[in-house]
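Chain residues, written in single-letter form:
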Amino acid sequence: ILTLASGDRIPMTDNVKIMFENENLRNASPATVSRAGIIFVSDVELDWWPPVQAWCKKQHESHRDILLSLFVKHIGESSLTDPGHMFDFLSRRCNEPLPASRSGKAMACCHLLGALLAKAQFSGRSDQLPLELERLFLYSLAWSVGGLLEPEDRHKFDAKVRELAGPAQMPEYEEGETIYEYFVDPDTMLWEKWRPPQWKYPQVETLDFSNLLVPTMDSTRAMFILENLHSARHPILMVGGSGTAKTSTALMFFSTFDPKQRLLKRVNFSSATTPGMFQLSIESELDKRGGKQFGPPNSKKMTVFLDDLSMPLINMWGDQPTLEIVRQLVETSGFAFLDKDRRGDLKGCEDLTYVAAMNHPGSGKNDIPNRCKRHFFLFNLI
């Protein structure tokens, strides 16, 4: 048993290296120990490869080795000196409107791929399994690692993926198209082109044109991602410039909910939104379920829509306290009680799922903290 004091720096000697299975950590620089005795290693030392390895080991036995090989083939294998050829390509050749960590992008690929695997109807042929898994992987790769790219850079990314995968594994394009115009049909496990559903004219006497939501190709492919990740209960953040229909796409998705099973809570952020205002707005929708656990009434589930997530004010120290309590809720599924006699005691919030939207940072618009950002699947609407 190793007894360590808070703030101690421990050298990576042979006695300590046995705690770490990953090669990156065995060769890491000294780690810091928290007050709780937790050993923290810098994200620069850890990077994206160990979390991906851990995720792959949790998958079906017949999928593990194939999935690991796909990450190595298309992204690379991270080390202390090399982040992987795909991340190297993105940093050198492409510009992203929102900065995101390599670990966050790699895990976003895992989350989307996991959601697709849960619904995939594999052919059952052993010779086809690697090909079917690679198609799902390529789709997930495009919308996670390459999900924040703008149209010009999407063509560069598509060319890079086509170079790595080979023409046989990519969809048959028409001129000017990319992988972003296609998806893998879960029933046939083949590439299909996105086509928005036919819009039906509402059969009402008085039509409110200002509130009509007409599906487009952009909203249709965004809703596909929303449906898959929302069913897996993973938080989603849609990013885009003004007029890219982020809120409209979200509302179109929410209209598919069964009100008997799922509720919707919409929180519109502004520069005046405080942590207390956000907490009270969520708590007002929850009932006590027993002990310190709270949840939506009548045992229903609830989706929380965080609109304009980047709007809360940045204080004089560069922090966004309102988004720290958002991070706390998403990360720990709970708040602290604000009642005077129970202040500081923790309450749990059950059956909540999160969808968020924000503008591109810059030109007076804020970014959001990385500690909050890492919990969301990020993709760009154009």
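One can find the structure itself at the top, above this paragraph.
The sections below set out a description of the structure shown in this document.

About the thresholds
- Residues numbered from 1 in each chain as written.
- Predicted model: local features only at pLDDT ≥ 70, side-chain atom pairs only at ≥ 80, totals over all residues.
- Heavy atoms only, no water.
- Helix = DSSP H or I, 4+ residues; strand = E, 2+ residues; numbered from the N terminus.
- Buried < 20%, exposed > 50% of the residue type's maximum accessible area, 1.4 Å probe, protein only.
- Contact = heavy atoms within 4.5 Å.
- Areas by Shrake-Rupley, 256 points an atom, 1.4 Å probe, with all protein chains shown as cover.
- Pairing = 2+ DSSP bridges.
- Axes fitted to C-alpha atoms, helices over the stretch in contact; angles between N-to-C directions.
- Phe/Tyr/Trp six-rings, centres within 6.5 Å; stacked < 30°, edge-to-face > 60°.
- Lys NZ or Arg CZ within 6 Å of the ring centre and 35° of its normal.
- Parallel < 35°, antiparallel > 145°, perpendicular 65-115°, else oblique.
- Left-handed = near helix turned anticlockwise from the far one by under 90°.
- Nonpolar A, V, L, I, M, F, W, Y, C, P; charged D, E, K, R; others polar.
- Expected span 1.5 Å × (residues − 1).
- Arc of directions from axis to C-beta.
- Patch = residues over 30% accessible without salt bridge, like charges linked within 9 Å, V, L, I, M, F, W, Y side chains within 5 Å.
- Salt bridge = Lys/Arg side-chain N within 4 Å of Asp/Glu carboxyl O.
- Core = buried A, V, L, I, M, F, W, Y, C linked by side-chain atoms within 4.5 Å.

**Side note on the overall build of the chain**
Right, so step 1: In terms of helices and strands, the chain carries 14 helices and 14 strands.
Right, so step 2: Expressed as a percentage of the 382 residues in the chain, the buried residues total 47%.
Right, so step 3: Sequence-distant contacts, at least 24 apart, represent 66% of the contacts inside the chain between residues at least 6 apart.
Right, so step 4: With an accessible surface of roughly 19,700 Å², the chain has 50% of that area assigned to carbon and sulfur atoms.

**Focus: the sheet that holds strand 13 (residues 352-358)**
Right, so step 1: As summarised here, the arrangement of the five strands in space is 7-10-13-6-14, forming an open sheet in which the pairing is parallel. What marks the edges here is a single partner per strand, and that holds for strand 7 (262-268) and strand 14 (377-381). Neighbour-to-neighbour, the strand axes of this sheet turn through a mean angle of 20°, independent of strand direction.
Right, so step 2: Bridge analysis of strand 6 (residues 236-240) against strand 14 gives five bridges, and the strand direction is parallel. Note on strand 14: the bridge partner recorded for Met 238 is Phe 379.

**Considerations on the environment of Arg 262**
Right, so step 1: Its place among the elements puts Arg 262 in strand 7.
Right, so step 2: You can call Arg 262 buried: its relative accessible area is 18%.
Right, so step 3: Sequence separation of Arg 262 and Met 302 is 40 residues, and the distance between their C-alpha atoms is 5.2 Å.
Right, so step 4: The residues contacting Arg 262, other than those within four sequence positions of it, are His 230, Phe 257, Lys 301, Met 302, Thr 303 and Thr 353.

**Re the packing of aromatic side chains**
Two aromatic rings are characterised by how far apart their centres lie and by the angle between their planes.
Right, so step 1: Applying the stated rule across the entire model yields 19 aromatic pairs.
Right, so step 2: Measuring from centroid to centroid gives 5.2 Å for Trp 143 and Tyr 180, while their planes differ by 80°, and the two rings are edge-to-face. A residue pair is termed long-range when its members are at least 10 positions apart, and Trp 143 in helix 8 (residues 129-144) and Tyr 180 in the loop between helix 9 (151-165) and strand 4 (182-184) qualify at 37 residues.
Right, so step 3: Arranged with centres 5.7 Å apart and planes meeting at 35°, the rings of Tyr 173 and Tyr 182 form a pair that is tilted.
Right, so step 4: Taking the relative accessible area as the measure of exposure, Tyr 182 reaches 6% and is therefore buried.
Right, so step 5: Against the face of Phe 337 rests Arg 342, its NZ or CZ located 4.0 Å from the ring centre.
Right, so step 6: Sitting over the ring of Phe 294, Lys 347 keeps its end group 4.4 Å from the ring centre.

**Focus on the packing of helix 10 (residues 217-231) against helix 11 (residues 246-254)**
Right, so step 1: For the pair helix 10 and helix 11, interaxial distance at closest approach is 10 Å and the crossing angle is 55°. Accordingly, the angle class assigned to the pair helix 10 and helix 11 is oblique. Considering only the axes of helix 10 and helix 11, their crossing is right-handed. On helix 11, the residues touching Ser 219, Ala 222, Met 223, Leu 226, Glu 227 and His 230 of helix 10 are Thr 249, Met 252 and Phe 253.
Right, so step 2: Taken together, the residues that form the contact of helix 10 with helix 11 break down as five nonpolar, three polar and one charged.

**A few points about helix 9**
Right, so step 1: Taking 1.5 Å per residue as the helical rise, helix 9 with its 15 residues ought to reach 21 Å, and the 21 Å between its terminal C-alpha atoms agrees with that figure.
Right, so step 2: Among all positions in helix 9, only Asp 153, Arg 154, Phe 157, Asp 158, Lys 160, Val 161 and Ala 165 are buried. Across the axial projection of helix 9, the buried residues extend over an arc of 165°, all falling on one side. Away from its buried face by more than 90 degrees, helix 9 exposes Glu 152 and Glu 163.
Right, so step 3: In this structure, the buried residues of helix 9 make contact with helix 5 (61-74), helix 6 (85-93), helix 8, helix 10 and strand 14.
Right, so step 4: Backbone geometry just downstream of helix 9 places Gly 166 in the positive-phi region, at approximately 90°.

**Description of a nonpolar patch on the surface**
Right, so step 1: Among the surface-exposed residues, Trp 199, Tyr 201 and Val 214 lie close enough to one another that they form a single nonpolar patch of about 290 Å² accessible area.
Right, so step 2: Mapped onto the fold, Val 214 is located in the loop between strand 5 (191-193) and helix 10.
Right, so step 3: Note on Val 214: relative accessible area 43%, which makes it partly exposed.

**Observations regarding the environment of Gln 128**
Right, so step 1: With respect to the helices and strands, the residue Gln 128 is situated in the loop between helix 7 (102-119) and helix 8.
Right, so step 2: Expressed as a C-alpha distance, the spacing of Gln 128 and Met 189, which sit 61 residues apart in the sequence, is 10.0 Å.

**Considerations on the side chain of Ser 144**
Right, so step 1: With respect to the helices and strands, Ser 144 occurs in helix 8.
Right, so step 2: Note on Ser 144: relative accessible area 3%, which makes it buried.
Right, so step 3: Apart from the residues lying within four places of it in its own chain, the contact partners of Ser 144 are Lys 105, Ala 108, Cys 109 and Phe 377.

**What to know about unusual backbone geometry**
Right, so step 1: Although it is not a glycine, Arg 233 adopts a positive phi angle of roughly 60°.
Right, so step 2: In this structure, Arg 233 sits in the loop between helix 10 and strand 6.

**What to know about the environment of Pro 296**
Right, so step 1: Relative to the helices and strands, Pro 296 resides in the loop between strand 9 (293-295) and strand 10 (301-307).
Right, so step 2: Taking C-alpha positions, Pro 296 is 4.6 Å from Leu 286, a pair spaced ten residues apart along the chain.
Right, so step 3: Setting aside residues up to four positions removed in sequence, Pro 296 forms contacts with Leu 263, Glu 285, Leu 286, Arg 289, Lys 301, Met 302, Glu 350, Asp 351 and Leu 352.

**Section: the nonpolar core**
Right, so step 1: In this structure, Phe 71, Tyr 139 and Phe 157 are the most contacted members of the largest nonpolar core, which totals 67 residues.
Right, so step 2: Val 239, Phe 294, Leu 309 and Phe 337 belong to the second-largest nonpolar core, a separate cluster that totals 30 residues.

**Details of helix 13 (residues 321-332)**
Right, so step 1: In this model, helix 13 (twelve residues) spans 16 Å end to end at C-alpha, consistent with the 16 Å of a helix rising 1.5 Å per residue.
Right, so step 2: Inspection of helix 13 places Thr 322, Leu 323, Ile 325, Val 326, Arg 327, Leu 329 and Val 330 among the buried residues, and these make up the whole buried set.
Right, so step 3: Taken together, the buried residues of helix 13 touch helix 12 (275-283), strand 10, strand 11 (334-336), strand 12 (346-349), strand 13 and helix 14 (370-373).
Right, so step 4: Phi turns positive one or two residues past the end of helix 13, at Ser 333, with a value near 55°.

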